[in-house]
Structure formats: C-alpha cells, structure tokens
Amino acid sequence: MNPNTSEPKIELATFSGGCFWCMVSPFQEMDGVLQVLSGYTGGYKKNPTYEEVCSGSTGHYEAIQITFDPDRISYDELLQIYWRQIDPTDSGGQFNDRGQSYQTAVFYHNEEQRQKAEASKEELSESGRFHKPVVTKIIPAKTFYPAEEYHQDYHKKKATGYKRYREGSGRDTFIKEHWSKDKVDLKEKL
C-alpha cells in the first residue's frame, strides 16, 4: 500500500509468449495481479490491428500487460510464471504460431526489472532444463496497445475453442514435459 493513501502500489509487467490468449489465464488467477490485458507492443505502427500485427508489417509482438501490486506479488514471481508458459528456446515463434509477432520477450519498465529479467534468464539457461539455448529477448518496454475487445479474456469468452487451440498447439504438452518433473504446484511454491 502507498503509505499516504489506502491505494495499492501499482506496477506494470509486459511479456510476449506467442498467442496472447494462452498467456492471460496463468497470471489472472494470482493474488496481487489486478489486471491482465492482451495487446501489441515493441513495434513502430501506432494503434495496430490484430490483422496488421499478424501480417508481420508492424514490428509488434502479441503480448500481455499485467498491472500488479508489488506488495502482494513480486516481479520475480511473475517472471517465474512467465518462464513456465513458453518455450524460451524457440526463436521462430511459439508452438503452432510462427513469425516475429509470436516470439518471446520480456519488456522491462525500469532498470530493476531489466536486472531481474536478465538474472532469471541466466538462471534458467544454466539450469540444464533445456537442451538448446534460451533465446527470449529482454528489451525496453514501448507503448502498449490493448488488443481488440474480442481478444480480452478470450479463454473465458470462448472456453471450448480456447482449450482445443491450446492443446492442439503443443503448448500444454511442452509445459508438462519440461515443468512437471518439479512436482511442485507453482501456486504453492509462491
């Protein structure tokens, strides 16, 4: 909490990890996460549309922007959740989604976030969990453009189609293969 008011502290975290539909729900359920928006960032076109981003003509990534209270959930905890949602060794996109707009990146909002992101990437690289190098970019945050309304909370609005897409993409299989050996529920660990 802000010591001068009853308002919570507010910070932003921005991540890209392939299809933004699949990135929202793991964060939304966490205590301290106030909002998760699907959108576009990292490129040069103002107010891009989904079709423009998917065409590869904007330089933007599909991304999520998380508004969180750092007194309730830390940026380090958000990074832990992030790494467990992606294939950080894939430089061509994520799972079935290919191209620059689906590549992985951590967009840092300040120097402390940059340092924490770099440290967590290095720790993951040295963990031996993956047989290929971790290629996720750590880059400065740019303007974030919220995606069209029909993309927001897609996993809730179109639950059946979302589940079919997520399973069919290979994301769930990858996550299970690389993280289930921990045998620790991430929510319990946090």
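Overview of the structure. (Residues numbered from 1 in each chain as written. Predicted model: local features only at pLDDT ≥ 70, side-chain atom pairs only at ≥ 80, totals over all residues. Heavy atoms only, no water.)

Moving on, we come to the environment of Val36. Tracing the backbone through its elements, the reader meets Val36 in strand β2 (residues 33-41). Residue class for Val36 comes out buried when judged on its relative accessible area of 7%. Sequence separation between Val36 and Asp153 is 117 residues; the distance between their C-alpha atoms is 8.6 Å. Those residues in contact with Val36 that lie beyond four places of it in its chain are Val24, Phe27, Gln28, Ile64, Gln65, Ile66 and Gln152. (Helix = DSSP H or I, 4+ residues; strand = E, 2+ residues; numbered from the N terminus. Buried < 20%, exposed > 50% of the residue type's maximum accessible area, 1.4 Å probe, protein only. Contact = heavy atoms within 4.5 Å.)

A few words on the packing of helix α1 (residues 21-28) against helix α6 (residues 159-169). Contact pair α1 / α6: the axes reach a minimum separation of 10 Å and the direction vectors enclose 105°. Taken as axis vectors, α1 and α6 run roughly perpendicular relative to one another. The segment α1 lies against α6, with Trp21, Cys22 and Ser25 engaging Tyr162, Tyr165 and Arg166. (Axes fitted to C-alpha atoms, helices over the stretch in contact; angles between N-to-C directions. Parallel < 35°, antiparallel > 145°, perpendicular 65-115°, else oblique.)

Within the fold, Ser101 resides in the loop between β5 (97-98) and β6 (104-108). Residue classification places Ser101 among the buried positions, given a relative accessible area of 5%. Not counting the four nearest positions on each side in its chain, Ser101 is found in contact with Val53, Cys54, His60, Tyr61 and Glu62.

The next point concerns a negative patch on the surface. Judged by side-chain charge, Glu118, Glu122, Glu123 and Glu126 come together as a negatively charged surface patch. Note on placement: Glu122 falls in helix α4 (residues 111-126). Looking at Glu122, the relative accessible area reads 47%, which means it is partly exposed. (Patch = residues over 30% accessible without salt bridge, like charges linked within 9 Å, V, L, I, M, F, W, Y side chains within 5 Å. Areas by Shrake-Rupley, 256 points an atom, 1.4 Å probe, with all protein chains shown as cover. Salt bridge = Lys/Arg side-chain N within 4 Å of Asp/Glu carboxyl O. Lys, Arg positive; Asp, Glu negative; His and termini not counted. Charge placed at Lys NZ, Arg CZ, Asp CG, Glu CD.)

Helix-helix packing: each pair is described by the crossing angle between the helix axes and the interaxial distance. At a minimum axis separation of 10 Å, helix α3 (residues 75-83) and α4 run at an interaxial angle of 40°. Relative to α4, the element α3 is oriented oblique. Read as a crossing pair, α3 and α4 show a hand that is right-handed. Of the residues in α4, those touching α3 at Tyr75, Asp76, Leu79 and Trp83 are Gln113, Lys116, Ala117, Ser120, Lys121 and Leu124. By residue class, the composition of the contact of α3 with α4 is five nonpolar, two polar and three charged. (Left-handed = near helix turned anticlockwise from the far one by under 90°. Nonpolar A, V, L, I, M, F, W, Y, C, P; charged D, E, K, R; others polar.)

Across all of its chains, the model carries nine salt bridges by this definition. Between Glu112 and Lys116 there is a salt bridge, and its shortest N-O distance comes to 3.2 Å. Of the two residues, Glu112 and Lys116 both sit in helix α4, four residues apart, roughly one turn of that helix. Judged by relative accessible area, Lys116 falls into the partly exposed class, the value being 25%. If you follow the salt bridges from partner to partner, you end up with Asp76, Glu112 and Lys116 in one network.

Take the sheet that holds strand β8 (residues 145-146) next. Taken together, six strands build an open sheet; the order of strands is β7-β6-β1-β3-β2-β8 and the sheet is mixed. A single partner strand is all that each edge strand has here, and the edge strands are β7 (137-140) and β8. Here β2 pairs with strand β3 (residues 61-68) via eight bridges, running antiparallel. Counterpart to Gly39 in the pairing with β3 is Ala63. (Pairing = 2+ DSSP bridges.)

Its identity is not glycine, yet Asn47 carries a phi of approximately 50°, on the positive side. Positionally, Asn47 belongs in the loop between β2 and α2 (50-55). With a relative accessible area of 58%, Asn47 lands in the exposed category. A positive phi is found at Phe95, a non-glycine position, where the angle reads about 55°. In this structure, Phe95 sits in the loop between β4 (93-94) and β5.

Note that all results are geometric; they support no functional claim without further evidence.
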